[in-house]
Structures are given as C-alpha cells and as structure tokens.
Amino acid sequence: MTVKLVLLKSGEDIIADVNEMYTEEQKLIGYLFKKPCSVKLHRFSPESDGKNGYQIGLNSWIPLTKDKEVLVPLDWVITMTNPIDKLLDMYKTEIVNKENKWW
C-alpha cells in the first residue's frame, strides 16, 4: 500500500492508495486511486490559550460511485506527497480498516 496525499489541478486534496498506470509501451498515463477521499482542513474557534485550532475531515471523493478505484489522468495531478502521520493514521483507521464505510 502506498498512501499519498495528492493535489489535483482542480485544487482538491485527495488521500488514497495510489498506483501508477502505464501503457503497454511503459509510458505513464495516470494514477489509480484506491478508496480516494477528499481532505478538508477546518478552522475552529480559538482555544483557551488564544491559538486557532484545526480539524481534519475525510469525505468520499466521489460519493455516488460504486467503484473502489478511480483512474486519474496524469495531467490532472499537480503534486503527490506523503501525508502527515495524523492524516495517514486517520485514513487507515477510518477508511482502509473499515471495508464498508462508503463502498
């Protein structure tokens, strides 16, 4: 499993188990996202110490599909990074380890 945080051309942040897709000639054409979720960072009221707090939210990226995997063309991906530990743990616990959360 290779979980990545992906920034798409649309501005969406997606976390998914990502695999590369190639043509028969071994040319990279896109990525296969398994169990993709959109990632939202929500700001909430200042805590008692005056600092602003943030909450991470995960939602099914395409909630009305039956598909567990989505092919994303290469030209739609701006960058791909490793998620912070908290986000990775959240994704594994809430999505990967709960087989029927959305699918």
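Heads up: the structure comes first, above all this text.
Residues numbered from 1 in each chain as written. Predicted model: local features only at pLDDT ≥ 70, side-chain atom pairs only at ≥ 80, totals over all residues. Heavy atoms only, no water.

## Re helix H1 (residues 85-96)
Three or more residues of H1 are buried, namely Leu87, Leu88, Met90, Tyr91, Ile95 and Val96. All buried residues of H1 lie within an arc of 160° about the axis, which places them on one face of the element. Away from its buried face by more than 90 degrees, H1 exposes Asp85 and Lys86. Where H1 is buried, its residues touch strand E1 (3-8), strand E2 (13-22), strand E3 (28-44) and strand E4 (53-60). (Buried < 20%, exposed > 50% of the residue type's maximum accessible area, 1.4 Å probe, protein only. Helix = DSSP H or I, 4+ residues; strand = E, 2+ residues; numbered from the N terminus. Arc of directions from axis to C-beta. Contact = heavy atoms within 4.5 Å.)

## As for the pairing of E1
In the sheet, E1 pairs with E2 via 5 bridges, with the strands oriented antiparallel. Its bridge partner being in E2, Leu5 is matched across the sheet by Ile15. Here E1 hands over to E2 after 4 residues, with Gly11 in that stretch at a positive phi of 95°. (Pairing = 2+ DSSP bridges.)

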